[in-house]
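Summary of structural features
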Amino acid sequence: MDDFKMIDKEEALKFLEAYQPLPSDSELSKNINILNIYNEVRKYFLTHYDPRCIPLFLNSFGGRNGFGVYQLIEDVLKCYPSELVIPFIKLALHSKFESVIYWNAQIAVSFPDDSLQESLINLINHYNLDIRYTAISALSRMPNQD
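A brief report on the enclosed structure follows. All figures in this text were calculated on a predicted structure; none of them were measured in a lab.

Moving on, we get to the side chain of S119. Among the structural elements, S119 can be located in helix α8 (residues 117–123). At a separation of 2.9 Å, a polar atom in the side chain of S119 contacts the side chain of H94. Beyond its immediate stretch of four places on either side in the chain, S119 contacts K90, L93 and H94.

Our next topic: helix α3 (residues 32–47). Counted at 1.5 Å a residue, the expected span for α3 with its 16 residues is 22 Å, and the 24 Å between its end C-alpha atoms agrees. The set of residues buried in α3 consists of I34, L35, I37, Y38, N39, V41, R42, Y44 and F45. Looking at the packing, one finds that the buried side of α3 touches α1 (9–18), α2 (25–28), α4 (53–58) and α5 (73–77).

Position of S110 relative to the elements: it lies in the loop between α7 (98–108) and α8. The partly exposed category is assigned to S110, whose relative accessible area is 29%. When residues no more than four places from it in sequence are discounted, the contact partners of S110 are E74 and K78. Within the structure, S110 has its side chain in polar contact with the side chain of E74 (distance 2.2 Å).

Counting buried residues along α7, eight of its eleven residues qualify, which places the element largely inside the surrounding structure. Residues of α7 that are buried include every one of S99, V100, I101, W103, N104, A105, I107 and A108, and no others. For α7, the elements touching its buried residues are α4, α5, α6 (82–92), α8 and α9 (129–140).

On to the packing of α7 against α9, then. Following both chains from N to C, one finds α7 and α9 inclined at 25°, their axes separated by 8 Å at the closest point. Here α7 lies roughly parallel to α9, going by the angle between them. Handedness of the crossing formed by α7 with α9: left-handed. Residues E98, I101, Y102, A105, Q106 and A108 of α7 lie in contact with α9, whose contacting residues are D130, I131, T134, A135 and A138. Considering only residue class, the contact of α7 with α9 consists of seven nonpolar, two polar and two charged.

A few words now on the nonpolar core. Of all hydrophobic cores here, the largest spans 47 residues; its most connected members are L16, Y38, V41, F45, F57, I89 and L120. If you list the elements that add at least two residues to this core, you get α1, α3, α4, α5, α6, α7, α8 and α9. Per element, the largest residue contribution to this core is seven residues, and it comes from α3. Those residues within four positions of I89 in sequence are excluded, and the remaining contacts are L58, N104, I107, A108, F111 and L116.

Given two aromatic rings, their pairing is described by the distance between the two centres and the angle made by the two planes. Evaluation of the coordinates by the stated rule reveals ten aromatic pairs. Their ring planes at 90° and their centres at 5.2 Å tell us that Y44 and F45 sit as a pair that is edge-to-face. Judged by its relative accessible area of 1%, F45 is buried. Consider the rings of F61 and Y70, whose centres lie 5.2 Å apart with planes at 85°: the pair is edge-to-face. Judged by its relative accessible area of 0%, F61 is buried. The class for Y70 is buried, based on a relative accessible area of 1%. A network of ring pairs unites the aromatic residues Y38, Y44, F45, F57, F61, Y70, Y102 and W103 as a single cluster.

Cut-off values and rules
Residues numbered from 1 in each chain as written. Predicted model: local features only at pLDDT ≥ 70, side-chain atom pairs only at ≥ 80, totals over all residues. Heavy atoms only, no water. Helix = DSSP H or I, 4+ residues; strand = E, 2+ residues; numbered from the N terminus. Polar contact = N/O pair within 3.5 Å; in protein donor to acceptor, adjacent residues only side chain to side chain. Contact = heavy atoms within 4.5 Å. Expected span 1.5 Å × (residues − 1). Buried < 20%, exposed > 50% of the residue type's maximum accessible area, 1.4 Å probe, protein only. Axes fitted to C-alpha atoms, helices over the stretch in contact; angles between N-to-C directions. Parallel < 35°, antiparallel > 145°, perpendicular 65-115°, else oblique. Left-handed = near helix turned anticlockwise from the far one by under 90°. Nonpolar A, V, L, I, M, F, W, Y, C, P; charged D, E, K, R; others polar. Core = buried A, V, L, I, M, F, W, Y, C linked by side-chain atoms within 4.5 Å. Phe/Tyr/Trp six-rings, centres within 6.5 Å; stacked < 30°, edge-to-face > 60°.

Structure (structure tokens):
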């Protein structure tokens, strides 16, 4: 897949499947084409509905911030009903990749749901300070327990 080539849905999904997760930012800086394609795939799914992209995006976060593109993935996820997104966030919060955990805790802020509480509470003691803070932030957005 060449940079900025017009892509179709299956190519976009195939690209995401190949990067679970993407390389770290230091590796992406050596091959910026991957990040450019990722951003094109992100834009594609803003206007082409396919729930198969949800778990693929949620598990695509490589180390650091994807040069600002990772922050924009939430816009794609907001196109889908919470009941489709939340189960995949819950799974991704248990990833073996810290970057996936971090970004999913970050996204959980916009998808507050009781079913995420236990997973987020477990992250409060994570050795990575950024993950702890993000989990606390997401928990602060959860519905009140009366």
